[in-house]
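Breakdown of the fold
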Amino acid sequence: MPKQSTNMSGLQCLATENIWFDKHRYDEAEKCFYEGVNGPSTQQQQVKTAMQQGKGRQQKRQHRNSSSHAGGDQELVSRMKSLELENQTLHKVVENMRAALQKLESRVAMLEKTPVLAAVPCAKAAPVQAAPVKQVKVENGGGDDDDDDDIDLFGSDEEDEEAERLKQERLEAYAAKKAKKPTLIAKSSILLDVKPWDDETDMAKLEECVRSVQMDGLLWGASKLVPVGYGIKKLQINCVVEDDKVGTDILEEEITKFEDFVQSVDVAAFNKI
């Protein structure tokens, strides 16, 4: 009995407890009520605007794709037309080249077959003037033998004399021109070392003896005394000679003839002028 009383008291407590088990249902109903009164919520508006924007973007994309496809088709058509025109012009050029090549081949074949005829225009372009033929008057009245003796068909004797005279005049003019032209004379500058026997040799007399050597094509120049050693001096003298007329051997031979003054002669320098 006491047990049943305790159970009944527990149920009574639960019945009197204020617990809201269906709160979410009432919250949802309240929300729908306020939405109906105040309009849709901002979240729904955002969803609607997002959906509208997506639809607009999709329409724009479709329009852009359609326009791009149309522009690409037009560009492709224009390029195909230009390629067709270019192909036609190339065909024309090739045909012209083939025709020109065929003409050239035929012309070369004709020239190879007739080489003599090809040289005729060159002869016409630069005609050679023939020598004038002397006209001879033929007189009638004598016999046949007299006519043959009097007629000179070529006038060879007179022409030969005239040609010989002109040739002789040209030769004389050339010879006179060549004689007037100055010829180049080869010359050389020689520096000689003339050595005396000792320091007692009269160097002035030695130089006088050297300069006394005179010959065609020889010209003496400046001179000086150069010390050698132990009080001995040598004569260093310059001269200009023509190579065809005077040589170093002749000079040495002529100078060494003065045995009383000259011991030896050496060539110190030799230069072409």
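Every value quoted in this text rests on a predicted model; they were computed, and no experiment measured them. (Residues numbered from 1 in each chain as written. Predicted model: local features only at pLDDT ≥ 70, side-chain atom pairs only at ≥ 80, totals over all residues. Heavy atoms only, no water.)

Considerations on the overall build of the protein
Convention followed: The helix count covers DSSP runs of H or I at least four residues long, the strand count covers runs of E at least two residues long, and both are numbered beginning at the N terminus. Buried residues are those whose accessible area, probed at 1.4 Å on protein chains only, stays under 20% of the maximum for their type, while exposed residues exceed 50% and partly exposed ones sit between those limits. Using a 1.4 Å probe, the Shrake-Rupley method yields the accessible areas, and only the shown protein chains count as cover for residues.
The secondary structure content of the protein amounts to 9 helices and 4 strands. Counting from the amino terminus, the protein carries its helices and strands in the arrangement α-α-α-α-α-α-α-β-α-β-β-α-β. Relative to its 273 residues, the protein shows a buried fraction of 11%. Looking at the protein as shown, the accessible area adds up to about 23,600 Å², and 55% of this sits on carbon and sulfur atoms.

Side note on the pattern of salt bridges
Put simply, the test is: Within this document, salt bridges are pairs made up of a side-chain nitrogen of Lys or Arg and a carboxyl oxygen of Asp or Glu, the two lying within 4 Å of each other.
Going through the model one piece at a time under the given rule, you end up with 10 salt bridges. A salt bridge links E95 to R98; the shortest N-O distance between them is 3.7 Å. One end of the pair is E95 and the other is R98, both in helix α3 (residues 42–113) and 3 residues apart, which spans about a single turn. Note that K245 and D216 form a salt bridge whose closest N and O atoms lie 3.2 Å from each other. Taken together, the residues K245 in the loop between β3 (232–242) and α9 (248–255) and D216 in the loop between α8 (203–211) and β2 (218–229) connect sequence positions 29 residues apart. Take K245: its relative accessible area is 43%, and that puts it in the partly exposed class. A relative accessible area of 56% means that D216 is categorised as exposed. Among the charged side chains, a salt-bridge network with shared partners connects E162, R165 and E169.

A few points about a nonpolar patch on the surface
Test applied: For patches, a residue must show more than 30% relative accessible area and have no salt bridge; joins then use 9 Å for like charges and 5 Å for nonpolar side chains, namely Val, Leu, Ile, Met, Phe, Trp and Tyr.
Taken together, the side chains of L101, L104 and V108 define a hydrophobic patch exposed on the protein surface, amounting to about 260 Å² of accessible area. Position of L104 among the secondary structure elements: in helix α3.

Regarding a positive patch on the surface
The line we're drawing: The charged-residue count follows a simple rule in which Lys and Arg add positive charge and Asp and Glu add negative charge, with His and chain termini not counted at all. In plain terms, the charge of a residue is placed at NZ if it is Lys, CZ if Arg, CG if Asp and CD if Glu.
Among the surface-exposed residues, R57, K60, R61 and R64 lie close enough to one another that they form a single positively charged patch. Within the fold, R57 resides in helix α3. Residue R57 is classed as exposed on the basis of its relative accessible area of 55%.

Overview of the confidence of the model for the protein
Applicable threshold: Here pLDDT means the predictor's own confidence in every residue, given as a number from 0 to 100. Note on contacts: a residue pair qualifies if any of its non-hydrogen atoms lie within 4.5 Å across the two residues.
On average, the protein scores 76 in pLDDT, and the residues at 70 or more come to 67%. Within the model, pLDDT remains below 50 along residues 116–147, and this stretch shows 11 contacts once partners closer than five positions in the same chain are excluded.

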